[in-house]
Amino acid sequence: GERSELLEIGPEALFWRVIVTTLEEQDRAPCLVILQDLTEMHRLQTMRQQFLGNVSHELRTPLASLKALVETMRDAAAGDPEASQHFLDLAEREVDSLTQVVQESLELSRIESGRLPLRLAPTPVAEVILPVVERLGPQAERAGLEVSCSLPDGLPQVLADPERVRQVVSNLLHNAIKFTPSGGRVQISAQQVGDEVVISVTDTGVGIPREDLPRVFERFYRADQARSKGGTGLGLAIAKHIIQGHGGRVWADSLEGQGSDFSFSLPLGN
Ligand SMILES: Nc1ncnc2c1ncn2[C@@H]1O[C@H](COP(=O)(O)OP(=O)(O)OP(=O)(O)O)[C@@H](O)[C@H]1O
Ligand SMILES: [Mg+2]
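Each residue is numbered by its place in its chain's sequence as written, counting from 1. Chains carry letters and ligands carry numbers; both start at the beginning, A for chains and 1 for ligands, and go up in the order they are written. pLDDT decides what is reported in this predicted model: residues at 70 or higher carry local features, side-chain atom pairs at 80 or more are listed and counted, and totals for whole chains, interfaces and linings draw on all residues regardless. No hydrogens and no water enter the side-chain calculation; it runs on all heavy atoms of the structure.

Description of the overall build of the chain
- The number of helices and strands found in the chain is five helices and ten strands.
- In this description the radius of gyration comes from C-alpha coordinates, and the expected globular size is given by 2.2 Å times residues to the power 0.38. Over its C-alpha atoms the chain spans a radius of gyration of 25 Å, topping by over 25% the 18 Å that the globule rule assigns to 270 residues.
- Note on exposure labels: buried denotes an accessible area under 20% of the residue type's maximum, exposed denotes more than 50%, and partly exposed covers the range between, all computed with a 1.4 Å probe on protein chains only. Here the chain, with 270 residues, has 38% of them falling under the buried criterion.
- Sequence-distant contacts, at least 24 apart, represent 63% of the contacts inside the chain between residues at least 6 apart. Helix and strand assignments follow DSSP, with helices taken as H or I runs no shorter than four residues and strands as E runs no shorter than two, numbered in order from the N terminus. Pairs of residues are marked as contacts when any of their non-hydrogen atoms sit within 4.5 Å.

Details of the coordination of the magnesium ion (ligand 2)
- The donor set covers N, O and S atoms within 2.8 Å of the metal, switching to 3.2 Å for Na, K and Ca, and it leaves out water, so a site may look short of donors. The protein atoms that coordinate the magnesium ion (ligand 2) are Asn171 (OD1) and Asn175 (OD1), at distances of 2.2 to 2.4 Å. Taken together, the positions of Asn171 and Asn175, both in helix H4 (residues 162-178) and four residues apart, correspond to about one turn of that helix.
- Here Asn171 falls in the buried class, since its relative accessible area comes to 16%.

Some points on helix H5 (residues 235-245)
- Turning to H5, its buried residues are Gly235, Leu236, Ala237, Ile238, Ala239, Ile242 and Ile243.
- Elements in contact with the buried residues of H5: helix H2 (81-112), H4, strand S9 (250-255) and strand S10 (259-267).
- Gly247 occupies a position one or two residues after H5 and carries a positive phi of about 80°.

Describing the sheet that holds strand S2 (residues 14-22)
- Read across the open sheet, the three strands follow the order S1-S2-S3; overall the sheet is antiparallel. With partners counted over all chains shown, the strands left at the sheet margins are strand S1 (2-9) and strand S3 (31-37), one partner each. Pairs of neighbouring strands in the sheet enclose a mean axial angle of 20°, with direction left out of account.
- DSSP calls a pair of strands paired once it identifies at least 2 bridges connecting them. The pairing of S2 with S3 spans seven bridges and is antiparallel. Its bridge partner being in S3, Thr22 is matched across the sheet by Cys31.
- Helix axes are fitted only over the stretch in contact, all axes being lines through C-alpha atoms; the angle between N-to-C directions runs from 0 to 180 degrees. Across the sheet, helix H1 (residues 39-75) touches S1, S2 and S3, and the angle it forms with S2 is around 130°.

By themselves, these are just geometric observations and shouldn't be taken as functional.
Below you can see the structure in the form of structure tokens.
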């Protein structure tokens, strides 16, 4: 006969299938034992379930507010154009936030499944930094922040998909602006370290509690004080995937109340 069993082993969450088949129908017959390591498959399956759970959760909050807003407009605000206008504005904001969750989730799943191939080319570092600084400059100014940028002369080119890396820089800079109170500073710098270029975004903002630091690159992770700032908590998860796709690393340092430093590395372009 044949018996098959699924085993979950130890804290490393190994997941094995064990199949035992006796080769002859007699006592003490030789048997065939097959061990299948399904750990990776199991991990992916769990990740998919968590992802779906997270997305649904993130969709529920704006949907519930939309529902409440629509009900209020129908019941209380009917015939009151000023109140209706106000509720419509609020509703529009919820729709925007729903759209962002859906767009970023799609993007993350495309990147993860390899359906978003990188177009790597030797790229000057300035090309992935300056356009982003220019684009977010007005927003930083409105927030009362001073943004500075230091790129040393003679910095070598990096091997990068410029569009994707600009997206990473854009999220890091946007975060720095979002989490730094008025009067603060945000600095972007780049330097060659061995056979890589390291790009850093440093701010003098609210910082991240030490115990939260390892979690900021997880999808949908937001520190408590971030809940009110808008955002889905996918930006850094996407950034991590993009940089790892380039063969680079991404990391964060922070002191609560003092500021944060987000850095990533890219291989040289030659
Ligand atoms: N520069 C920073 N200073 C302080 N906290 C930060 C900083 N950057 C990120 N964080 C924390 O890490 C969390 C995750 O950041 P991430 O960019 O992934 O999400 P988000 O900015 O909240 O949303 P999204 O980028 O999807 O719009 C933030 O919500 C915040 O709690
Ligand atoms: Mg972000």
